[in-house]
Amino acid sequence: MKLPPLRAVQCFESVARFNSFSKAAEALNVTQSAVSHQVKLLEEYLGEDLFIRQGRRLSLTIIGERYQEEINSALISISHASQKLREGEDGKVRLAIYSTLAVKWLVPRLDNLRQLHPEIDLTLNMVADEPECSDQVADCFVTAYPPSRNFVSEFLYKEQLYPFCSPKLWYEMQGKSLPEALWEQPLLSVRSIFKDGTEKKDWRLWCELGGFELPEDVKVIHFSHMILAAEAAKYHQGIAFLNDYFMTDQDRLQDLIRIPMHDLPTGDSLYFVYKKSRAKQPEIKILSQWLKQQCYE
């Protein structure tokens, strides 16, 4: 089905609304002759006159009045559909976030968000790798690698890891000097901490930062993901580098103990990311403020 030129329809609607070609041109930020040309194209397409022109007086024909009524509802629907795609539905927000960060950090805090802002309907989309910043995936994102164009990137925090172990292993290390006591336990190494995925890179770099060497004969168990290493550490299987932000109150009190030694910076920072077109969306602004508060509590 052949459709009339949408630009011509827009020009007609503006002229009909203002009852003036010059005011319509000003509203559309184009020349008056451009508006007249578009309306003429539409009249030729429809095969009907839409306006009665009598000197400076301008009025709609009967067909023009009928056409204006018909297209108004269509234009309103187009406007609503465009706004919905551009700004999202009121109250609803889809957040794409790394699975580890979601499970260990965000989910335990969601009750606080619901109590403070019950009007927000938040849907989580957990991703293992870098999320594609697209409306097909989510409305906003937590990522270490934000897009450079058409998006707003708000800093959340700089990632720093610390060695953690279970209370049982920590008890076994009591009275022994550090880091020597660590080498008596299995070391849990996570390949995904660094992009190149080099084996033992986390422990080698941490030792280098501490001014000592990683013993060649130390037992190292490899994991693909930090959340797996965290679970292994809970069950007394070794010492793992974990993000302090991932620790819930229960983790700190019962399951894991942070070994009092230096940190391991990964070089990554996390950002809250959303389209520039969504910058004024109330739900996005509230979620941004709340996430930042959680990072500094």
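Residues numbered from 1 in each chain as written. Predicted model: local features only at pLDDT ≥ 70, side-chain atom pairs only at ≥ 80, totals over all residues. Heavy atoms only, no water.

### Quick look at the pairing of strand β2 (residues 57-60)
Now for step 1: Residues Leu 58 and Leu 60 of β2 are buried on one face, while the alternating residues Arg 57 and Ser 59, pointing to the opposite face, are not.
Now for step 2: The pairing of strand β1 (residues 51-54) with β2 spans four bridges and is antiparallel. Residue Arg 53 lies in a different strand from β2, and its bridge partner there is Leu 58.
Now for step 3: Where β1 folds back on β2, the antiparallel hairpin that results is connected by two residues, among which Gly 55 adopts a positive phi of roughly 65°. (Buried < 20%, exposed > 50% of the residue type's maximum accessible area, 1.4 Å probe, protein only. Helix = DSSP H or I, 4+ residues; strand = E, 2+ residues; numbered from the N terminus. Pairing = 2+ DSSP bridges.)

### Structural notes on helix α2 (residues 21-28)
Now for step 1: Three or more residues of α2 are buried, namely Phe 21, Ala 24, Ala 25 and Leu 28. The arc enclosing the buried residues of α2, seen along the axis, measures out at 100°, which places them on a common side.
Now for step 2: Of the surrounding elements, those touching the buried residues of α2 are α1 (6-18), α3 (32-46), β1 and β2.
Now for step 3: Positive phi appears at Asn 29, one or two residues downstream of α2, with a value of about 60°. (Arc of directions from axis to C-beta. Contact = heavy atoms within 4.5 Å.)

### Describing the nonpolar core
Now for step 1: Ranked by internal contacts, the top residues of the largest apolar core, which has 34 residues, are Leu 182, Trp 183, Leu 187, Trp 203, Trp 206 and Ile 239.
Now for step 2: Mapped by element, the contributors of at least two residues to this core are β6 (151-165), α7 (167-173), β7 (187-190), α8 (201-210), β8 (220-223), α9 (226-234) and β9 (239-243).
Now for step 3: Ranked by residue count, the leading element in this core is α9, at five residues.
Now for step 4: Apart from the residues within four sequence positions on either side, Leu 182 is in contact with Met 173, Leu 187, Trp 203, Trp 206, Ile 239, Ile 259 and Met 261.
Now for step 5: With 26 residues, the next largest nonpolar core counts Ile 97, Cys 140, Ala 144 and Cys 295 among its residues. (Core = buried A, V, L, I, M, F, W, Y, C linked by side-chain atoms within 4.5 Å.)

### A few points about the packing of aromatic side chains
Now for step 1: With the rule as written, the count across this model stands at ten aromatic pairs.
Now for step 2: Taking the centre distance of 5.5 Å and the plane angle of 55° together, the rings of Phe 12 and Phe 51 count as tilted. In this pair, Phe 12 is assigned in helix α1 and Phe 51 in strand β1, connecting sequence segments 39 residues apart.
Now for step 3: Using a relative accessible area of 0% as the deciding quantity, one classes Phe 12 as buried.
Now for step 4: Phe 51 sits in the buried class, given a relative accessible area of 4%.
Now for step 5: What links up through ring pairs into an aromatic cluster is the set Trp 183, Trp 203, Trp 206, Phe 212 and Phe 241.
Now for step 6: Of note, Arg 258 hangs over the ring of Tyr 162, and the distance from its end group to the ring centre comes to 3.5 Å. (Phe/Tyr/Trp six-rings, centres within 6.5 Å; stacked < 30°, edge-to-face > 60°. Lys NZ or Arg CZ within 6 Å of the ring centre and 35° of its normal.)

### Digging into the pairing of strand β3 (residues 92-98)
Now for step 1: By the criterion of burial, β3 is predominantly enclosed, with five of the seven residues buried.
Now for step 2: Two elements, β3 and strand β4 (residues 121-127), share seven bridges in a ladder whose sense is parallel. When the sheet's bridge partners are listed, Tyr 98 is paired in β4 with Val 127.

### With respect to the pattern of salt bridges
Now for step 1: The full count for this structure, using the stated rule, is nine salt bridges.
Now for step 2: One salt bridge in this structure joins Arg 94 and Asp 139, with 2.8 Å as the shortest N-O distance. Taken together, the residues span a long stretch of sequence, with Arg 94 in strand β3 and Asp 139 in the loop between β4 and β5 (140-143) at a distance of 45 residues.
Now for step 3: Note on Asp 139: relative accessible area 7%, which makes it buried. (Salt bridge = Lys/Arg side-chain N within 4 Å of Asp/Glu carboxyl O.)

### Re the environment of Ala 25
Now for step 1: Examined against the element boundaries, Ala 25 turns out to sit in helix α2.
Now for step 2: Judged by its relative accessible area of 4%, Ala 25 falls in the buried class.
Now for step 3: Apart from residues lying up to four places away in sequence, Ala 25 is in contact with Val 30, Thr 31, Gln 32 and Val 35.

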